[in-house]
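Inside the fold
Residues per chain are reported as follows:
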Amino acid sequence: MSGFSIRNPYFIVVLCLAVSILGVTALVRMPVDLFPSINLPQVVVATFYSGMPPQDIETNITSPLERFFTLASGIDHLESRSMLGVSIIRVFFQPGTDADADVTELSNLALADLKRLPPGTLPPVVLKSDASSLPVCLVAVKGAGLTETQLHDYAQFAIRNQIAVIKGAEIPPPFGGKYRQIMVRLDPYKLASRQLSVMDVVHAVNKSSLILPAGDVKMGPFDLYVYSNSLVDNMQQLNDVPVKTTGSSWVKVSDIGQAEDSSATQYNIVRVAGQRSAYIPIMKQGGDTNTIEVVNGVRSLIGHL
């Protein structure tokens with residue numbers, strides 16, 4: 001009886017089939033990306049204070065944050081830009097450090113330093129950045145009969161939340177459209193004639209649109225929670241908010257201006273086939289995330305939004 005030999009043609013055929021199957025499986029599962037995975041940890045910290053000039057942004061926001069960020073470990077160098085209403089600090093870490101840990105460390109430092117910044121400064125936005133931080137696809141949002149405010153709201157609060165479940169996808173805020181904002185437009189001459197300032201109106205509106213907890217009331221076997229809800233529901237209620245009391249009469253918002261359901265200042269415009277629209281950039285998370293898998297996930301999910 002002859003023994004088994006690796007020169008047996010059947011063994012060679014089976015071995016070739018096994019190697020082919022393993023090779024095809026590995027090829028299919030191999031992550032696909034535009035750039036190779038390069039571990040150069042960079043973290044971007046953006047801090048906003050609407051309307052503040054660049055020189056004040058640098059003095060009161062950028063410089064204090066830069067000094068505080070030196071407490072972080074593994075920093076290589078920092079770069080910053082101070083523009084109208086925004087401070088952008090890019091922190092470069094030593095190669096080999098964990099980008100996620102760097103983001104967490106800078107987030108903690110930024111929030112700890114927030115109380116030292118000018119009142120009204122928005123909490124800093126901390127994001128990691130690398131060579132592959134580019135959109136892999138765009139989801140355009142358009143619709144006949146819809147305003148730019150409605151398109152932005154759909155993209156921001158409905159579509160974006162559903163796309164966020166895709167494995168490996170990172171969804172930044174949408175571009176284009178208008179961000180809904182309730183505006184109170186004041187007449188400076190009417191303000192002066194009633195000896196009022198803009199801040200008087202701001203304080204009156206803030207105090208008249210609150211939800212205040214009032215504790216609870218024990219009634220027999222029931223423990224009832226009580227709260228005071230004075231939120232403004234519509235523009236007419238906002239126009240009726242009293243700003244100043246003089247004797248038996250008072251000055252309302254409508255006496256010195258007009259409340260409008262408007263939008264914030266628009267800084268970017270998106271057009272799709274000539275129509276004002278919005279779009280959501282889809283970015284790929286770092287590591288071994290498969291770009292093709294992310295794009296295919298977006299395509300399959302769009303049909304079920």
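Data block above holds the structure.
Bear in mind the structure is a predicted one, so any value in this text is a computation, not a measurement. Residue positions are given per chain, counted from 1 along the sequence in the order it is written. Restriction of local features to residues with pLDDT of at least 70 applies here, the model being predicted, together with a cutoff of 80 or more for giving and counting side-chain atom pairs; totals for whole chains, interfaces and linings are based on all residues. Neither water nor hydrogens contribute to the side-chain values; these are computed over all heavy atoms in the structure.

Helix and strand counts for the protein chain stand at 9 helices and 15 strands. The cut-offs for exposure are 20% and 50% of the maximum accessible area for each residue type, with area from a 1.4 Å probe on protein chains only; residues under the lower value are buried, those over the upper are exposed, and the others partly exposed. Looking at the protein chain residue by residue over its 305 residues, the buried ones come to 29%. Surface accessibility of the protein chain: about 19700 Å² in total, with carbon and sulfur atoms responsible for 59%. The numbering of helices and of strands both runs from the N terminus, where a helix is a DSSP run of H or I of at least 4 residues and a strand a run of E of at least 2. Method for areas: the Shrake-Rupley scheme with a 1.4 Å probe, in which residue coverage is limited to the protein chains shown.

Another aspect to go through is helix α6 (residues 198-207). Side chains three or four residues apart in an α-helix point the same way, a direct result of the helix having 3.6 residues per turn. For α6, the complete set of buried residues consists of V201, A204 and V205. One face of α6 carries all of its buried residues, which in axial projection span an arc of 95°. Working rule for contacts: check all heavy atoms of both residues, and any pair within 4.5 Å makes them a contact. Buried residues along α6 sit against β8 (180-186), α5 (188-193), α7 (235-239), β11 (242-246) and α8 (253-256). An arc is given here, and it is the one of the directions from the helix axis to the C-beta atoms.

A few words now on the environment of I280. By secondary structure assignment, the location of I280 is in strand β15 (residues 275-284). Taking C-alpha positions, I280 is 8.8 Å from I159, a pair spaced 121 residues apart along the chain. Leaving out residues up to four positions away in the same chain, I280 has contacts with C137, L138, V139, A155, I159, R160, I171, P172 and P174.

Let us now look at the environment of T59. Within the secondary structure layout, T59 lies in helix α2 (residues 54-69). For T59 and S82, which are 23 residues apart along the polypeptide, the C-alpha to C-alpha distance reads 9.2 Å. Think of a polar contact as two N or O atoms within 3.5 Å of one another; within protein, one of them needs to be a possible hydrogen donor and the other a possible acceptor, and neighboring residues in sequence only count if both atoms come from side chains. From its side chain, T59 meets the backbone oxygen of Q55 in a polar contact 3.0 Å long.

Glancing now at the packing of aromatic side chains. Aromatic rings from Phe, Tyr and Trp, taking only the six-membered ring of Trp, are treated as a pair when their centres fall within 6.5 Å; an angle between ring planes under 30 degrees marks them as stacked, one over 60 as edge-to-face, and anything in between as tilted. Summed over the entire model, instances satisfying the criterion amount to 1 aromatic pair. Pairing F175 with Y279 gives two aromatic rings, centres 5.4 Å apart and planes at 15°, and the pair type is stacked. Highlighted residues: F175 in strand β7 (residues 175-176) and Y279 in strand β15, separated in sequence by 104 residues.

This brings us to the nonpolar core. The nonpolar side chains of soluble globular proteins are, as a tendency, buried together. Residues grouped as a nonpolar core are buried Ala, Val, Leu, Ile, Met, Phe, Trp, Tyr and Cys residues, joined through side-chain atoms within 4.5 Å. Formed by 19 residues in total, the largest nonpolar core has its most connected members in V43, V45, F69, V91 and L106. For this core, the secondary structure elements donating two or more residues are β1 (42-48), α2, β3 (86-93) and α3 (99-113). Broken down by element, the residue count for this core peaks at 5 residues, all from α2. Filtering out sequence-adjacent residues up to four positions away, V45 remains in contact with F69, S87, I88, I89, L106, P124, V125 and V126. Residues C137, I163, I171 and V294 belong to the second largest nonpolar core, which totals 14 residues.

So, on to the side chain of H152. Structurally, H152 can be placed in helix α4 (residues 148-163). The exposure class assigned to H152 is buried, which follows from its relative accessible area of 8%. Not counting residues within four places of it along the chain, the set of residues in contact with H152 comprises P174, G176, G177, K178 and Y179.

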